[in-house]
Amino acid sequence: MWMLFCLFLLSFQDHDKAPERAAPYYPTPQVVVEQMLKLGGLRRGEKLYDLGSGDGRIVMLGAAKFGAKAVGVELDHGLVQQSRASIAKLKLHPAAQIMEGDLFEQDYSDADLITVYLLPVTNIRLSPVLEKKLKKGARVVCHDFEFTEWKPEKTETIEDNEGRSHTLFLYRR
Ligand SMILES: C[S@@+](CC[C@H](N)C(=O)[O-])C[C@H]1O[C@@H](n2cnc3c(N)ncnc32)[C@H](O)[C@@H]1O
């Protein structure tokens, strides 16, 4: 009985520590990726973070086309491996890199641009975290789901190749 109770307590502890899955994997269409980086004004040598980087497409375009130092943060081990393999194949390392871990636990103090395609409920948790961590002048571009507590500097709507509409929000600290 005691053993069961202890196991129950331990499972609770583990559960507390487990990173929250902040959104399912759903990739941004390539044409929208490019517009996110243009809207964010990404320049050569700037530091880009994609929070929840999926297959790494934002990070790879940021490094390859915009000349950024691009870092993706991804929780899903399979996606981390997939995106690292694509980066290696395109010889984009070290300009493009993927960190495996929880996007809520990283330091973004050197970010010039952050890209976000997560869920509304996640954005509510994330915006105060970024507000504390980001340097003055850093930009954030959100895909489809805004930061309701922040006022966007610019909002754009773009159609993908299948005629689906996407809204982008640009914020500046
Ligand atoms: C909607 S997808 C966006 C993928 C990519 N940013 C894009 O726009 O194509 C959200 C991604 O966030 C990742 N994710 C969810 N929770 C996370 C967390 N706590 N830390 C890091 N990544 C997370 C998911 O595995 C998924 O790949």
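Heads up: the structure comes first, above all this text.
Residues numbered from 1 in each chain as written. Predicted model: local features only at pLDDT ≥ 70, side-chain atom pairs only at ≥ 80, totals over all residues.

1. Points about the nonpolar core
The nonpolar side chains of soluble globular proteins are, as a tendency, buried together. If you look at the biggest cluster of nonpolar residues, it comprises 44 residues, and the most contacted ones within it are Met36, Tyr49, Val59, Ile114 and Val141. Apart from the residues within four sequence positions on either side, Met36 is in contact with Ile58, Thr115, Val141, His143 and Leu168. (Core = buried A, V, L, I, M, F, W, Y, C linked by C-beta atoms within 7 Å. Buried ≥ 20, exposed ≤ 12 C-beta atoms within 10 Å, placed from the backbone. Contact = placed C-beta atoms within 7 Å.)

2. Structural notes on helix H5 (residues 120–133)
With 14 residues, H5 should cover 20 Å at 1.5 Å per step; its first-to-last C-alpha distance of 20 Å lies within 8% of that length. Leu126 marks the point of greatest bend in H5, at about 30°, and the proline Pro128 comes within the next four residues. Those residues of H5 that sit buried are Asn123, Leu126 and Leu130. Residues of H5 that are buried sit in contact with strand E4 (113–116) and strand E5 (139–143). (Helix = DSSP H or I, 4+ residues; strand = E, 2+ residues; numbered from the N terminus. Expected span 1.5 Å × (residues − 1). Bend = angle between axes of the 7 residues up to and from the residue.)

3. Considerations on the environment of Leu103
Mapped onto the elements, Leu103 comes out in the loop between strand E3 (96–100) and E4. Sequence separation between Leu103 and Leu39 is 64 residues, and the spatial gap between their C-alpha atoms is 22 Å. Beyond its immediate stretch of four places on either side in the chain, Leu103 contacts Ala22, Leu51, Gly52 and Val73.

4. Things to note about the site of the ligand
Around the ligand, the structure places 25 residues, and the nearest of them are Ala22, Thr28, Gly52, Gly54 and Leu75. Of all the elements in the fold, those that place two or more residues in the shell around the ligand are helix H3 (57–64) and strand E2 (69–74). Across the shell around the ligand, the residue classes tally to 14 nonpolar, four polar and seven charged. (Near = placed C-beta within 6 Å. Nonpolar A, V, L, I, M, F, W, Y, C, P; charged D, E, K, R; others polar.)

5. A closer look at unusual backbone geometry
Across residues other than glycine, the phi torsion is negative in most instances, and most of the peptide bonds are trans. The amide bond that connects His93 to the next residue, Pro94, takes the cis arrangement and shows omega of 10°. Its location among the elements puts Pro94 in the loop between helix H4 (77–89) and E3. Even without a glycine there, the phi angle at Lys91 is positive, about 55°. Of note, Lys91 is situated in the loop between H4 and E3. At Asp144, a position not held by glycine, the phi torsion is positive, near 65°. Relative to the helices and strands, Asp144 resides in the loop between E5 and strand E6 (154–159).

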